[in-house]
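Here are the chains, one letter per residue:
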Amino acid sequence: MAERMSGSGLSRRAWLKVGALMGGGLVLSLVLPSHAEPVAEAPDADSEGPAPPVGDVNARVAPNAWIRIHGDGRIQLTLARSEMGQGVMTSLPMLLAEELEVGLDQIQIEPAGVAPVYGNPLLGEQATGGGTSTREAWDKLREAGAVARVLMISAAAAIWGVPESECRARRASVHHVDGTRSLSYGELASRASELPVPPTVALKTKGDWTLIGTSQRRLDTPGKVRGTAGFGLDTRLPGMLFATIERCPVIGSRVESWRAGAAKAVPGVVDVLAVRHGIAVVADSTWAALVGRERLVVECRPKSDPGLDSERLRARLRAGLTGRAAVALKEGDVSLALASSAQAIEAVYALPFQAHACMEPMNCTADVRPDGCDIHVPTQAQSAALETARRVTGLPSERIAVHTTFLGGGYGRRREQDFVLDAVELSMMLKRPVQVIWTREDDLQHDYYRPMTLHRLRGGLDAEGHPSAWFHRIVGPSVLSRRDPARVRDGLDPLMLGGAAELPYRIPHRRLEYRRSDSPVSVGLWRGEGYSHNCFVTECFLDELARAAGQDPLVMRQRLLAESPRHRRLLERIAERSAWHGPLTAGVGRGLALIEAFGSLLAVVAEVSVEAGRPSVRRVVCVVDSGQLVNPDAVRAQIEGGVVFGLSATLKGEITLRDGRVEQSGFGDYPLPRFDEMPEVEVTFMESDEAPGGVSGLATPAIAPAVANALSALQGTPIRSLPIRLA
Amino acid sequence: MITFTLNGEPRELDLDPNQPLLWVLRDHLGLTGTKYGCGQGECGACIVLLDNEPVNACSTPLAAVRERSVTTIEGLSRDGRHPLQLAWIIEEVPQCGYCQSGQIMMAAGLLAKHPRPTEEQIDAAMSQVLCRCGTYGRIRRAIHRAASPEVKGG
């Protein structure tokens, strides 16, 4: 292996390393200087040669490539994030390709293995979520692409004996300015792999971009319209068995006894086994496993838990609306400001549990052998999947490979590891590859739900009708205490506070409190995270204050954002796009919401009417400021889709508990918005040179208050709970 | 023994006639383009055409396809360039993509019956297939595109 190490001088996070590919070619890798003993990637088909001598900490690192340019001209770019619909399979390679000067039609995408250099520092693990992918990759991948481009130019210049300044890279070739000579990257790769990494490289300027900021066709689309894209459940391994697990329906209950005779008699059923999460029926086809499961007799204890129902859980949260609480934020003196305000109002808001309901139910396929383990899984969290397998099998990390399939939806659910554990455990017991499939019922009843929360708000208006005091108490369980307990400090769970702490508005006296109130119901990350409940509450309450003050809600927000030009421009644009100050059709209400999250801003106006006693969202206007757009049409799609996802929690289903079990079991009792309920969604982007922000979780939180505010405006009464049910 | 036509080819299967077509396709015939979403006939991820009529493969026993013709996403076109597939690509419809086989097959059934469908006909058909990512607006545009003769050739 040709070892040419250098700090790139550009990236403080990583060192770039260039090496030779076996069989001729160049590989550009990143090495984390902080990782003296990184987890080695399992060697792959085109392994970059024997391990370098021990002693050189950086050189000991296994190949952690971002770019591979083969002597035969193939160019492979690594994708280290999960494609779950948000478009990273296209937008992240765009960052590499832009600086590398290759077309998206000239590259192959290679999914990353598990390695520290593929980690996501914004999430603290190798994972995808929270609108972090583009933000995290923005500098890193462009730098990697630029270094490889400079190496190609240097190699060509050396071959031709001309100055580098006379060479231009374009579409995977270097051309001399005299127009007579060019060499392809494939032809240059071996020579380039012998060059030192340049200490500094200049990134292209915005005016020279040919990919970034242009809508590129998504690379995953053709497979998705032909039925050939491989999702988790499409994994097929030789000798693979299919398994489904009967879980005790009552939360916290355990299997007391089970009878498998009838299940085992089903043709195709191979075995029935007790596993961590219940009783597994294993068969040679999914159908046989499902039929076997129906014949299974499982007794659980306790059989019911009358104390665990939605009404009682809500009552427990209600008790937390008063009494002590942790203080998350304190500015000025809210009590004094409220007492001296010209007008004070108070409201309690309520949100229920929500499921993720990914269209592809949870699943995982594992092949555990004595010498290693392969996991094929639609996961948002590769390093956690590897760790799960390591703990279950006892195999060393370097013998475990995680193969990320396409994800049939993620929305935070696939950061969890329960389904990985199922498959690894079963494959280990059966010594065969096993695919574990969750039914829709399993998926809805054993989720890590968006938590049920209650909120108390108090607001004060001064004599001019300006909001002078803002009090917000959040009551709900901790999401982070299970995932990352060290980050829960002083009784505060930052994930529960998202959007409530960083209110964009300038209000002189503010206090934010959090009262943790856990229950046995599992809770987790949901699209938009804490913003998905807090944004509903804060944006609706602001409208309540505006109504109390007799002010236009948009004008009140403009006043509260007088010192924030970026927000003010956004509001001006939404007023114009939605014709906010224009006339409205009779029977239609208009509502506004603003969100600042994940490094982006969004203003939404919803137009809502009431049809046959039910809210009908007719039109949604969005103005987005998410900094520099990488693949604008993919961002547009995230906003459109985020609106629909948010409408499910605004108008459609909720997860409820009765006698200790989740009541919903399918799309009949957990309805999602359907095609004929889709509003017209218009998306406008603000021009911006800021670094890209996250967008996947942006529209989901904001649509709920926009719709609620529209209905409140129409009906004159505030809406304080979701999903919206009109009396 | 059950004989039927699958994607234009004759098939003969010796399987439990009660087994839903979905699992026959996915587990026995290796056609994984048809998706499992709910198994309750409520989401439409498993829509295939049975004699040109869209049906939920999860709720269609193998016995029901005897001597009939089944078309799955794999058999919609020989080269992946059915007008609907092209329109889906041009309109950049899919996000996660999991439901899209069902969406496209439902749309194919719609266009087989109504080559120039009205908004109401599109609503009635497509409301049977759920999309969690919220691609409905683009699906509507893609159906209109595929249904216009001027773009049909792609």
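What counts and how
- Within each chain, residue numbers correspond to sequence positions counted from 1 in written order.
- For this description, chains carry letters from A and ligands carry numbers from 1, given in the order in which they are written.
- Given that this is a predicted model, residues contribute local features only at a pLDDT of at least 70 and side-chain atom pairs are listed and counted only at 80 or more, while totals for whole chains, interfaces and linings are drawn from all residues.
- Counting from the N terminus, the helices are DSSP H or I runs at least four residues long and the strands are E runs at least two residues long.
- For a compact globule the rule gives 2.2 Å times the number of residues to the power 0.38, and the radius of gyration it is set against comes from C-alpha atoms.
- With C-beta atoms placed from the backbone, a residue counts as buried when 20 or more other C-beta atoms lie within 10 Å of its own, as exposed when 12 or fewer do, and as partly exposed for counts between those limits.
- Just so you know, the domain bounds were taken from an automatic or database domain assignment.
- Note on residue classes: Ala, Val, Leu, Ile, Met, Phe, Trp, Tyr, Cys and Pro are nonpolar, Asp, Glu, Lys and Arg are charged, and everything else, Gly too, is polar.
- Strands are treated as partners if at least two bridges between them are detected by DSSP.
- Here an axis means a line fitted to C-alpha atoms, over the contact stretch when the element is a helix, while the angle between two N-to-C directions is reported on a 0 to 180 degree scale.
- In this description, any two residues whose backbone-derived C-beta atoms lie within 7 Å of each other are considered to be in contact.

## Some remarks on the overall build of chain B
Reasoning step 1: Of the regular secondary structure elements, chain B holds six helices and five strands.
Reasoning step 2: Listing every helix and strand of chain B by position from the N terminus yields β-β-α-β-β-β-α-α-α-α-α.
Reasoning step 3: For 154 residues, the compact-globule estimate of 2.2 N^0.38 gives 15 Å, and the C-alpha radius of gyration of chain B, at 15 Å, lies within 12% of that figure.
Reasoning step 4: Overall, chain B is about 45 × 30 × 25 Å in size when its C-alpha atoms are taken along their principal axes.
Reasoning step 5: When each of the 154 residues of chain B is scored for burial, the buried share is 58%.

## A closer look at the domain arrangement of chain B
Residue and element names in this part refer to chain B.
Reasoning step 1: According to the domain assignment, chain B consists of domain 1 (2-75) and domain 2 (83-152).
Reasoning step 2: Here domain 1 and domain 2 have C-alpha centroids that lie 21 Å from each other.
Reasoning step 3: Every element with two or more residues in the side of domain 1 that touches domain 2 is listed here: strand 3 (47-50) and strand 4 (53-56).
Reasoning step 4: No other element matches the three residues that strand 3 contributes to the side of domain 1 that touches domain 2.
Reasoning step 5: Across the side of domain 1 that touches domain 2, the residue classes break down as eight nonpolar, five polar and two charged.

## Describing the sheet that holds strand 24 (residues 588-597) of chain A
All names here are of chain A.
Reasoning step 1: Taken together, the four strands give an open sheet; going across it, the order is 24-25-26-29, and neighbouring strands pair in mixed fashion. Of all the strands in the sheet, just strand 24 and strand 29 (680-685) have a single pairing partner and so form its edges. Pairs of neighbouring strands in the sheet enclose a mean axial angle of 20 degrees, with direction left out of account.
Reasoning step 2: Across six bridges, the pairing between strand 26 (residues 614-625) and strand 29 is parallel. From the neighbouring strand, V620 faces strand 29, where its bridge partner is V681.
Reasoning step 3: On the sheet, helix 16 (residues 565-577) packs against strand 25 (600-611), strand 26 and strand 29 and is oriented at approximately 135 degrees with respect to strand 26.

## Description of the domain arrangement of chain A
Residues and elements named next belong to chain A.
Reasoning step 1: The domain boundaries assigned to chain A delineate domain 1 (4-220), domain 2 (232-303 + 362-437) and domain 3 (310-354 + 449-715).
Reasoning step 2: Between the C-alpha centres of domain 2 and domain 3 the distance comes to 37 Å.
Reasoning step 3: The interface of domain 2 with domain 3 comprises eight residues on the first partner and eight residues on the second.
Reasoning step 4: Class assignment of the residues belonging to the side of domain 2 that touches domain 3 gives a composition of four nonpolar, two polar and two charged.

## Some details on the interface of chain A and chain B
Reasoning step 1: The partner chain B presents 43 residues to the 46 residues of chain A that form the contact.
Reasoning step 2: Elements with a minimum of two residues in the side of chain A that touches chain B: helix 4 (221-226), helix 6 (286-295) and helix 17 (632-651) of chain A.
Reasoning step 3: Ranked by residues supplied to the side of chain A that touches chain B, first place goes to helix 17 of chain A with seven residues.
Reasoning step 4: Residue composition of the side of chain A that touches chain B, grouped by class: 21 nonpolar, twelve polar and 13 charged.

## As for the pairing of strand 23 (residues 509-516) of chain A
Residue and element names in this part refer to chain A.
Reasoning step 1: With seven of eight residues buried, strand 23 is to be regarded as a mostly interior element.
Reasoning step 2: In the sheet, strand 15 (residues 326-331) pairs with strand 23 via five bridges, with the strands oriented antiparallel. Note that in strand 23 the partner of L329 across the bridge is L512.
Reasoning step 3: Bridge count between strand 22 (residues 467-476) and strand 23: eight bridges; the pairing is parallel. Paired with W470 across the strands is R510, a residue of strand 23.

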